[in-house]
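Residue-level structural notes
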Amino acid sequence: KNEVEQSPQNLTAQEGEFITINCSYSVGISALHWLQQHPGGGIVSLFMLSSGKKKHGRLIATINIQEKHSSLHITASHPRDSAVYICAVRGPGETSGSRLTFGEGTQLTVNP
Amino acid sequence: NAGVTQTPKFQVLKTGQSMTLQCAQDMNHNSMYWYRQDPGMGLRLIYYSASEGTTDKGEVPNGYNVSRLNKREFSLRLESAAPSQTSVYFCASSERGGSYEQYFGPGTRLTVT
């Protein structure tokens, strides 16, 4: 079973700061997801990546397959970015089926 | 498009009662999932359905049953609720498997007393 570790568990930042959230996993994967859970509880998918880097607005996700590590960066952070950010991975090959293994999440608070 | 819908949003059960959580998606997705989320733990997969007509156990299936009624609907049943099943339940869907973006429902907050 893949173990997914996120750091930090909690992060408080001032508006405008550059934020990095890290995700490490123990076994090779075929895909990694970054999700955002709003204070109201809803969960939305931010990125799905298997190599390299993806960018959407102020959000950037990178993955290093050799080091089994991914980072989520938020540039020019804003209070509306306050949420829980969750990393999830899918193992390699068809034996993993549809299963994802999730990290516990990183609680981000951005103060004005 | 409503995306993924779940009912009910909140439910309180007594130990031993049964109930069914309903989930539907309108995105013509093949794969559907039921997760539970507990404080201090990541989302955990209860059951999933890779395609219409198939279901498979996830990480924590004990005490639950599922039905993939058709391509749109995937229900989760608790036959005899226990306090350990107090949790927030999320349904999700994806075009196919775990290498595709997952879309989540709003969640059901279940309390078993």
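Residues numbered from 1 in each chain as written. Chains lettered and ligands numbered in written order. Predicted model: local features only at pLDDT ≥ 70, side-chain atom pairs only at ≥ 80, totals over all residues. Heavy atoms only, no water.

This brings us to the overall build of chain A. Within chain A, the regular secondary structure consists of 0 helices and 11 strands. Taking 112 residues into account, the globule formula puts the C-alpha radius of gyration at 13 Å, and chain A, at 14 Å, falls close to it. In chain A, which comprises 112 residues, the share counted as buried stands at 47%. Of the roughly 5,300 Å² of accessible surface on chain A, 49% is carried by carbon and sulfur atoms. The average position of the 9 basic charges and that of the 8 acidic charges among the side chains of chain A differ by 9 Å. (Helix = DSSP H or I, 4+ residues; strand = E, 2+ residues; numbered from the N terminus. Rg over C-alpha atoms; globule rule 2.2 N^0.38 Å. Buried < 20%, exposed > 50% of the residue type's maximum accessible area, 1.4 Å probe, protein only. Areas by Shrake-Rupley, 256 points an atom, 1.4 Å probe, with all protein chains shown as cover. Lys, Arg positive; Asp, Glu negative; His and termini not counted. Charge placed at Lys NZ, Arg CZ, Asp CG, Glu CD.)

As a further point, take the overall build of chain B. Helix and strand counts for chain B come out as 0 helices and 11 strands. Reading chain B from its N end, one meets helices and strands in the order β-β-β-β-β-β-β-β-β-β-β. Over its C-alpha atoms chain B spans a radius of gyration of 13 Å, differing by no more than 12% from the 13 Å that the globule rule assigns to 113 residues. In terms of its C-alpha atoms, chain B occupies a principal-axis envelope of roughly 35 × 25 × 25 Å. Of the contacts formed within chain B by residues at least 6 apart in sequence, a portion of 56% connects residues at least 24 apart. About 5,200 Å² of surface is accessible on chain B, with carbon and sulfur atoms providing 47% of the total. (Contact = heavy atoms within 4.5 Å.)

What follows concerns the packing of aromatic side chains. Inspection of the entire model under this criterion finds 6 aromatic pairs over all chains. On the basis of an interplanar angle of 80 degrees and a centroid distance of 5.1 Å, the ring pair of F102 of chain A and Y35 of chain B is categorised as edge-to-face. Within this pair, whereas F102 of chain A is found in strand β10 (residues 101-102), its partner Y35 of chain B is found in strand β4 (residues 31-37), the two belonging to separate chains. Given the relative accessible area of 0%, Y35 of chain B is considered buried. Look at Y64 of chain B and Y89 of chain B: their rings are 5.9 Å apart centre to centre, the planes differ by 65 degrees, and that puts the pair in the edge-to-face class. Highlighted residues: Y64 of chain B in strand β7 (residues 64-68) and Y89 of chain B in strand β9 (residues 87-94), separated in sequence by 25 residues. Judged by relative accessible area, Y64 of chain B falls into the buried class, the value being 3%. Taken together through their ring pairs, the aromatic side chains of F102 of chain A together with Y33, Y35, Y48, F90 and F104 of chain B make up a single cluster. (Phe/Tyr/Trp six-rings, centres within 6.5 Å; stacked < 30°, edge-to-face > 60°.)

Our next topic: the interface of chain B and chain A. With 22 residues of chain B at the interface, the matching set in chain A holds 19 residues. Summing both partners gives a buried area of about 1,600 Å² for chain B against chain A, and 55% of it is carried by carbon and sulfur. Counting across the chain B and chain A interface gives 1 residue pair in polar contact (both at pLDDT 80 or more). Counting only elements with at least two residues in the side of chain B that touches chain A, the list comes to β4, β5 (44-49) and β10 (102-104) of chain B. (Buried area = accessible area lost by both parts, 1.4 Å probe. Polar contact = N/O pair within 3.5 Å; in protein donor to acceptor, adjacent residues only side chain to side chain.)

If you look at the biggest cluster of nonpolar residues, it comprises 22 residues, and the most contacted ones within it are L32 and W34 of chain A. Taken together, the elements giving at least two residues each to this core come down to β3 (19-25), β4 (31-37), β5 (43-49), β7 (59-64), β8 (69-74), β9 (83-90) and β11 (106-111) of chain A. With 20 residues, the next largest nonpolar core counts W34, Y64, V66 and Y89 of chain B among its residues. (Core = buried A, V, L, I, M, F, W, Y, C linked by side-chain atoms within 4.5 Å.)

Further remarks concern the sheet that holds β7 of chain B. Residues and elements named next belong to chain B. In spatial order, the strands read β1-β3-β8-β7; together these 4 strands make up an open sheet with antiparallel pairing. The strands lining the two open edges of the sheet, one partner per strand, are β1 (4-7) and β7. Put simply, the sheet's adjacent strands are angled 15 degrees from each other on average, direction ignored. The sheet contact formed by strand β3 (residues 19-25) and strand β8 (residues 74-78) spans 3 bridges and is antiparallel. Paired with T20 across the two strands is R77, which belongs to β8. (Pairing = 2+ DSSP bridges. Axes fitted to C-alpha atoms, helices over the stretch in contact; angles between N-to-C directions.)

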